[in-house]
Amino acid sequence: KSHEALPLGFESDEKRSIERGIAIIEAYMTRYANDPYTTIKVPGSDKDFVEVGFAVHIFDWLNPQTQVVYPVVFVGKIDRIMRSQITGALVNFETKTTSRSLSVFQQQVKPNHQNTGYFFGAKTLIAEPIESTIVDGIFVSSRQPSKKCPTGVEIENDFGRFPTQRSPEDIDEWLDDFRDTAAEFLMWKFVYGPTRTHWPRNAPTACQMFGGCRYRDACVVRADPTYMSKMFVRREWQPWPLREKLITVPGEGDI
């Protein structure tokens, strides 16, 4: 949605209106005004360690039909790395919004492949050990304003920080899962896919998550060419410019 199209007003049931967004930011700043963490600098620069990209070469996949080798690279952006003013340890912060209660959200902190992968990615960007990840949860609701809560945002209840750690064994298991998932994807893309009309789907659960899949209607009309040409622009995804540093998992070949 464009800025102009976003619904306005606290009375709206829209969870992500401009006003609610501003109110959440102001409440967050109030809640953590005395935050015992300080954002570190990117090594060798004056840039805060915020939204820093990483790229890690995980393995090379061999197309069994053509014998062409494809490098598989895990890429992403770290929200921020901070230092505890109490212990001095580095912590990887992952800020997440959720429309589920924070008590339910907390149960998804581990096991969680994204949290594990981004902890792994953060460790590739800095030589100093990173102690843990703190999942910085923000509850987004359509709660209506009241005398007690004029903006609908409850400072004490709508924010939660959940620390989670990853052992070397956790990382190894995640890498195994990553390789299996990537290999399956590539088999579908290059081997199975050309002979099928659609890719495997997980309906309806995945269709409704995170506000709904943006391609949900495409499945309803079975990717009708007229609909697809009007509603979508085909563009190759190129995440590589995001990277700040490319490393190779020990034991694997370089790109």
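Structure: above.
Residues numbered from 1 in each chain as written. Predicted model: local features only at pLDDT ≥ 70, side-chain atom pairs only at ≥ 80, totals over all residues. Heavy atoms only, no water.

Q: I tried to follow the overall build of the protein on my own but got confused; where do I start?
A: Helix and strand content of the protein: seven helices and seven strands. Along the protein, helices (α) and strands (β) appear in the sequence α-β-β-β-β-α-α-β-β-α-α-α-α-β when read from the amino end. Here the protein, with 255 residues, has 35% of them falling under the buried criterion. A fraction of 67% describes how many contacts in the protein between residues 6 or more apart in sequence connect residues 24 or more apart. Split by element, the accessible area of the protein, about 16400 Å² in all, is 54% carbon and sulfur. (Helix = DSSP H or I, 4+ residues; strand = E, 2+ residues; numbered from the N terminus. Buried < 20%, exposed > 50% of the residue type's maximum accessible area, 1.4 Å probe, protein only. Contact = heavy atoms within 4.5 Å. Areas by Shrake-Rupley, 256 points an atom, 1.4 Å probe, with all protein chains shown as cover.)

Q: Looking at this structure, how should I read the environment of Asn-92?
A: Among the structural elements, Asn-92 can be located in strand S4 (residues 90–98). For Asn-92, a relative accessible area of 0% translates into the label buried. With 13 residues separating them in the primary sequence, Asn-92 and Asp-79 have C-alpha atoms 7.9 Å apart. Beyond its immediate sequence surroundings of up to four residues, Asn-92 is in contact with Ile-78, Arg-80, Ile-81, Tyr-118, Phe-119, Ala-122, Ile-130, Ser-132, Thr-133 and Ile-134.

Q: Can you help me understand helix H4 (residues 168–192) in this one?
A: Counting along an α-helix, one turn takes 3.6 residues, and residues three or four places apart therefore face a common direction. For H4, which comprises 25 residues, the first-to-last C-alpha distance of 34 Å matches the rise-based estimate of 36 Å (1.5 Å per residue) to within 8%. Of all the residues in H4, the buried ones are Ile-171, Trp-174, Leu-175, Phe-178, Ala-182, Leu-186, Met-187, Trp-188 and Val-191. (Expected span 1.5 Å × (residues − 1).)

Q: I'm lost on the nonpolar core in this one. Help?
A: Nonpolar side chains tend toward joint burial in soluble globular proteins. Counting residues in hydrophobic clusters, the biggest one holds 29 residues, and the most contacted among them are Phe-49, Ile-58, Phe-74, Ile-78, Ile-81 and Phe-120. Counting only elements with at least two residues in this core, the list comes to strand S2 (50–62), strand S3 (69–84), helix H3 (113–125) and H4. (Core = buried A, V, L, I, M, F, W, Y, C linked by side-chain atoms within 4.5 Å.)

Q: For this particular structure, what's the right way to read the pairing of strand S6 (residues 159–164)?
A: Along any regular strand, the residues point their side chains to alternate faces of the sheet. Burial of S6 is extensive: five of the six residues sit out of reach of the surface. In the sheet, strand S5 (residues 130–139) pairs with S6 via six bridges, with the strands oriented antiparallel. Note that in S6 the partner of Ile-134 across the bridge is Pro-163. (Pairing = 2+ DSSP bridges.)

Q: Sorry, what's going on with the pattern of salt bridges here?
A: It is possible for side chains of opposite charge to pair when their charged atoms get near one another. Overall, the coordinates contain 10 salt bridges when judged by the stated rule. Here Asp-136 makes a salt bridge to Arg-161, at a shortest N to O gap of 3.0 Å. Of this pair, Asp-136 sits in strand S5 while Arg-161 sits in strand S6, and the two are 25 residues apart along the sequence. Asp-136 gets classed as buried once you look at its relative accessible area, which sits at 0%. One salt bridge in this structure joins Asp-158 and Arg-143, with 2.8 Å as the shortest N-O distance. With Asp-158 in the loop between S5 and S6 and Arg-143 in the loop between S5 and S6, this residue pair connects regions lying 15 residues apart in the sequence. The class of Arg-143 is partly exposed, set by a relative accessible area of 22%. Among the ionic contacts, a cluster of salt bridges with common partners joins Asp-35, Arg-80, Asp-136 and Arg-161. (Salt bridge = Lys/Arg side-chain N within 4 Å of Asp/Glu carboxyl O.)

Q: Even after reading the chapter, I still don't get a negative patch on the surface, so can you show me in this structure?
A: Judged by side-chain charge, Glu-169, Asp-172, Glu-173, Asp-177, Asp-180 and Glu-184 come together as a negatively charged surface patch. By relative accessible area, which is 46% here, Asp-172 ends up partly exposed. (Patch = residues over 30% accessible without salt bridge, like charges linked within 9 Å, V, L, I, M, F, W, Y side chains within 5 Å. Lys, Arg positive; Asp, Glu negative; His and termini not counted. Charge placed at Lys NZ, Arg CZ, Asp CG, Glu CD.)

Q: What is the right way to look at helix H1 (residues 18–31) in this model?
A: Along its 14 residues, H1 runs 20 Å from first to last C-alpha, staying within 8% of the 20 Å computed at 1.5 Å per residue. Of the positions making up H1, those classed as buried are Ile-18, Arg-20, Ala-23, Ile-24, Ala-27 and Tyr-28. Structurally, H1 contributes buried residues whose contacts are with S3, S5 and S6.

Q: Just checking my understanding: could you explain the packing of aromatic side chains for this structure?
A: Two aromatic rings are characterised by how far apart their centres lie and by the angle between their planes. Enumeration over the complete set of coordinates arrives at 18 aromatic pairs. Each ring, one from Phe-54 and one from Phe-74, has its centre 5.3 Å from the other, and the planes form 55°; the classification is tilted. One end of the pair, Phe-54, is in strand S2; the other, Phe-74, is in strand S3, with 20 residues separating them in the sequence. The exposure classification of Phe-54 matches that of Phe-74, with both residues buried. Between Tyr-215 and Phe-232, the aromatic rings sit 5.2 Å apart at their centres with planes inclined by 35°, giving tilted as the arrangement. Of this pair, Tyr-215 sits in the loop between helix H5 (205–208) and helix H6 (216–220) while Phe-232 sits in the loop between helix H7 (225–231) and strand S7 (246–248), and the two are 17 residues apart along the sequence. Under the relative-accessibility criterion, Tyr-215 is labelled partly exposed at 44%. (Phe/Tyr/Trp six-rings, centres within 6.5 Å; stacked < 30°, edge-to-face > 60°.)

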